Amino acid sequence: SLMQRLTSVSNHRFSSRSWGSSLPSRQSQRLRKYSVLVRPTTEMDHRINDSIAFLTEVQQDVGIVRQMEESLHQHGLRDHKTLKSCLLKAYCECDSKEDAERIFEEIKVLIPPNPKTWQRLIECQLRCGDLSEASLRLLEMMEAGLEPTGHTWNHLIEFCEKHQNLNQAYDLLSNAIQSNRINWLKLMYAYGRSGRIDDELKVYSKMKSLGHTLDVREWNMLLTSVGKLGRVDEMMLLFQEMKTLEVPDDLTWSIVLSSLGDVERIDEMMQLFEEVKLKATPIPGTPLSTLWDKAEKSTS
């Protein structure tokens, strides 16, 4: 059991021959990744390696992690950098925000945190519902010249969408060191899912100002989002803009035609059908083909 392992690590009962041998291959690889000592030679070396091995196995049991931390202090390993990182990871996996923040501050005294360390803390804070502290840490990370990963931005945007605070994500993303097209797309889609079309269009304008473009699939999602709320004039302006940048596919024509039909703008719809005839032949069985057949019947 984990408690038996903790007692064993604390009393240092591992032999040099058995070091890491009881771990599954993946955990052994993680152990080698974290360990500074490839071949432990002293009793302290063994204790450090055994402690790392133990911390890689602890999952969601904050009480055991705290006991392990206390044991490390008792054996003079309070300021061991690698063990600090392992403790932070263990506390974050337990979603023990206060412990993770405390260890993070101790790491900062010893060594500048790397991007992975920042990411673990920020995502832990988000899982614990603390957007305010996570936002401050994100800004602090970027001020230190480190760019959050797409995984971290994704967590932030999802949290902000769930808690109806997407403007916070917009402000933070605007301060990013590097402008990442995928992150902006995720934010634009989040605004669209929330029915906040003005903000969705604001993000699209921001993307254009940053030199980002959309592919056909992304254009279709934007047109659908705007058209389904009946904002057909804005949808048509976007459609005209799209045609100068990308070749509409069958789905694009279907989205635009359906939106025009939903608001009974039949004349525009039929004009668009004439344009379709000149540009493409609908694939049988597609939404555009169905609309095409209906239009042909209505004019015959």
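Right above here is the structure, for reference.
Residues numbered from 1 in each chain as written. Predicted model: local features only at pLDDT ≥ 70, side-chain atom pairs only at ≥ 80, totals over all residues. Heavy atoms only, no water.

Turning next to the packing of helix α6 (residues 97–110) against helix α7 (residues 115–127). Put simply, α6 and α7 touch, their axes get as near as 10 Å, and they point 155 degrees apart. By the angle between their directions, the pair α6 and α7 is classed as roughly antiparallel. Here the hand of the crossing between α6 and α7 comes out left-handed. On α7, the residues touching K97, A100, E101, F104 and I107 of α6 are T117, W118, L121, C124 and Q125. (Axes fitted to C-alpha atoms, helices over the stretch in contact; angles between N-to-C directions. Helix = DSSP H or I, 4+ residues; strand = E, 2+ residues; numbered from the N terminus. Parallel < 35°, antiparallel > 145°, perpendicular 65-115°, else oblique. Left-handed = near helix turned anticlockwise from the far one by under 90°. Contact = heavy atoms within 4.5 Å.)

Moving on to the nonpolar core. Counting 69 residues, the largest nonpolar core has L187, M188 and L222 as the members making the most contacts within it. Examining the composition of this core, we find that seven residues originate from one element, helix α11 (residues 181–193), more than from any other. Beyond its immediate stretch of four places on either side in the chain, L187 contacts I157, L166, A169, Y170, L173 and V203. (Core = buried A, V, L, I, M, F, W, Y, C linked by side-chain atoms within 4.5 Å. Buried < 20%, exposed > 50% of the residue type's maximum accessible area, 1.4 Å probe, protein only.)

This next bit is on α7. Here α7 is 13 residues long and its end C-alpha atoms lie 18 Å apart, about the 18 Å a rise of 1.5 Å per residue gives. Within α7, ten of the 13 residues are buried, which leaves it mostly tucked inside the rest of the structure. Listed as buried for α7 are T117, W118, Q119, R120, L121, I122, E123, C124, Q125 and L126. Capping the start of α7 is the job of one residue whose side-chain oxygen sits 3.2 Å from the backbone nitrogen of K116: N114. Phi turns positive, to about 85 degrees, at G129, one or two residues after α7. (Expected span 1.5 Å × (residues − 1). Polar contact = N/O pair within 3.5 Å; in protein donor to acceptor, adjacent residues only side chain to side chain.)

This part takes up the side chain of N220. Mapped onto the elements, N220 comes out in helix α13 (residues 216–227). Polar side-chain contacts of N220 include one of 3.3 Å to the side chain of D249. In this structure, N220 is in contact with M242, D249, L251, T252 and I255, ignoring residues within four places of it in sequence.

Function cannot be inferred from these measures alone, as they are strictly geometric.
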